[in-house]
Every structure is written in structure tokens, then in C-alpha cells.
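The residues making up each chain are set out below.
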Amino acid sequence: MRFDIITLFPEMFSAIKEEGVIARAIKKSIISINEWQLRDFSENKYKNVDDKAYGGGAGMVMQVKPIRDCIKKIKEQEPETKVIYLSPQGDPLNQNLVEKLSSFESLTLLCGRYEGVDERIIKNDVDLEVSIGDYVISGGELAAMVLIDSVSRRLPNVLGNKDSLNDSFVNNLLDYPHYTRPESIDGDIVPEVLLSGNQAKIDAWRLEQAKHKTRQKRPDLLSN
Ligand SMILES: NC(=O)c1ccc(NCc2cccc(O)c2)nc1
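Residues numbered from 1 in each chain as written. Predicted model: local features only at pLDDT ≥ 70, side-chain atom pairs only at ≥ 80, totals over all residues. Heavy atoms only, no water.

In the nomenclature of an unreviewed UniProt entry, the protein chain is known as tRNA (guanine-N(1)-)-methyltransferase of Candidatus Pseudothioglobus singularis PS1. Recorded under Subunit (unreviewed entry), the UniProt text for the protein chain is reproduced unchanged: "Homodimer." Its UniProt record gives the protein chain the following Function (unreviewed entry) comment, quoted word for word: "Specifically methylates guanosine-37 in various tRNAs." (UniProt positions renumbered as here; feature names shortened; annotations may be inferred.)

Here is the structure:
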């Protein structure tokens, strides 16, 4: 799977390219990440890619032309790429959407800064607007990294032990509780069932715990 990133801060992506699961997936050629510096598509010698907002207001808006020219360049290499814009106005990134996105061969992630991009980009060039949560951060880059990590984990052979796939939300439930050595610390002991060696009983207990925790903390997930 190929990720193309349109950004003013390409160096930020070294945070996921140099360490951990994503770095290993890149080394194994399961994914590739290509950053595109939007300023390289600027029309002026100052390398600006934003301008004042029509209708006034303090914020700056990212202009159509540099973004459109950059997408065009990417599509020369990846004609089938899906263009995703990270913004607070997007569809919530949940496990269902992560699964869907992991089925694409190529995703182009447009990272907004300032007040975001000119609406005509969203209307004509973006295939899907995605939000990682109901909050504003200083740019789409961190949201793009969250999307890359969550989607890449679902690709075959990215995660070592298949069991690690049993993350939260996979069956629309929160994760069950986890314990490790010692069996007892400060008088706090590990649930007996986990020491029983009876895997069927352990699996049943874990499912019950996941359901209980979901009912208590996230009943909204149960209505999906
Ligand atoms: N919740 C998110 O996925 C998210 C994404 C980006 C972002 N900041 C850049 C930006 C982009 C567009 C409009 C805008 O107002 C701010 N902040 C939060």
C-alpha cells in the first residue's frame, strides 16, 4: 500500500518512518510513504500556498492551484489513488472506516494548516474528508500519521503475532483486561481463570469482560 502525503511539514513523518511497526512495514515493502512538499507547487518566489480569506477574518486559507497541481502530479504515478483530507469536518475515523481504507492500493493524504483548504478543493479534488476526533490540532499531519498507523496495522504481515490483531473495536467491543507477572502485587491478584490453563474458559471470560466494559464505558458501540 502506498501513502502519498501532501504537506508543508514533510519532515514530521520521520516520527513514524524511523521507528516501530510502520518502519518495519516499510522495510518489508508492505507500505511506502512519499511526502510531497506543497511549497514546491507554489506559483510565487516566496513559496506561499495560502492567502487571505474572502469575507474577511484573521485566518489564512490554503489555495486551490498548488494543491490541485500536486494531486495531478501524484495521479501521474498513482491514477487510482483516493484523496483523503484530514479535517475536523470529516467522517469519524473508526475501526470500520480503517478496515475500508486498508483495502485501497493507494491513498493520498492532504494535510491542512491555517484555517484549512479552499472549499473548491474539498468539492472537486477530495474523495473523502476524515476526522480523527472532535478537536482541532495545528495541522493535518498528526491526523495523517494516526490514519497511516491504524490502517497499516490491518495489512497482512505488518503485525508479527496474529494475536495482536485482537485490538479493541475489532468486534466492535472494547478490549478485555490484560495481566502479566507477578501474580500478586500489593495484595492485588490476577483473576484465577487466567491461571487455570483452560483456554476455552479464558476466552469466554475475556469476551464477557469486553462486553461488560463496553456496556459500562461505550454503550454507543453496541448499537452499531
Ligand atoms: N480532528 C481532525 O482530524 C483534525 C484534522 C486537522 C486539524 N487541523 C488542521 C485543519 C484542517 C482543516 C480545517 C481546520 O480547521 C484545521 N485538526 C483536527
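Structure's up, so let's keep going.
The secondary structure content of the protein chain amounts to 8 helices and 9 strands. Relative to a compact globule of 224 residues, whose C-alpha radius of gyration would be 17 Å, the protein chain shows 22 Å and is clearly more extended. Along the three orthogonal principal directions, the C-alpha set of the protein chain runs to about 70 × 40 × 35 Å. Contacts in the protein chain between residues far apart in sequence, at least 24 positions, make up 74% of those at least 6 positions apart. Here the protein chain has roughly 13,300 Å² of accessible surface; of this, 50% comes from carbon and sulfur atoms. One way to put it: in the protein chain the 30 positive side-chain charges average out to a point 2 Å from where the 35 negative ones average out. (Helix = DSSP H or I, 4+ residues; strand = E, 2+ residues; numbered from the N terminus. Rg over C-alpha atoms; globule rule 2.2 N^0.38 Å. Contact = heavy atoms within 4.5 Å. Areas by Shrake-Rupley, 256 points an atom, 1.4 Å probe, with all protein chains shown as cover. Lys, Arg positive; Asp, Glu negative; His and termini not counted. Charge placed at Lys NZ, Arg CZ, Asp CG, Glu CD.)

What follows concerns the nonpolar core. Phe3, Ile31, Leu109, Leu147 and Ile148 are the most contacted members of the largest nonpolar core, which totals 28 residues. At the level of secondary structure, the elements contributing two or more residues to this core comprise strand E1 (2-7), helix H2 (20-27), strand E5 (82-92), helix H4 (95-101), strand E6 (106-111) and helix H6 (140-152). At 6 residues, the largest contribution of residues to this core is made by H6. For Phe3, the residues in contact, after removing those within four places along its chain, are Ile31, Ser32, Ile33, Asn34, Leu107, Leu109, Leu147, Ile148, Val151 and Ser152. (Core = buried A, V, L, I, M, F, W, Y, C linked by side-chain atoms within 4.5 Å. Buried < 20%, exposed > 50% of the residue type's maximum accessible area, 1.4 Å probe, protein only.)

By convention, interface size is frequently given as the accessible area that disappears when the constituent parts associate. You can read the domains of the protein chain as domain 1 (2-152) and domain 2 (166-222). Taken over C-alpha atoms, the centre of domain 1 sits 37 Å from the centre of domain 2. (Domains from an automatic or database assignment.)

For the rest of this paragraph, the subject is the sheet that holds strand E7 (residues 128-131). Pairing within the open sheet is parallel, and its 5 strands lie in the order E2-E1-E6-E5-E7. At either end of the open sheet lies a strand with only one pairing partner, and these are strand E2 (32-37) and E7. Averaged over all pairs of adjacent strands, the angle between their axes in this sheet comes to 35 degrees, without regard to strand direction. Bridge analysis of E1 against E2 gives 6 bridges, and the strand direction is parallel. Counterpart to Phe3 in the pairing with E2 is Ile33. Its contacts with the sheet place H6 against E1, E2, E5, E6 and E7, and it is angled at close to 160 degrees to E6. (Pairing = 2+ DSSP bridges. Axes fitted to C-alpha atoms, helices over the stretch in contact; angles between N-to-C directions.)

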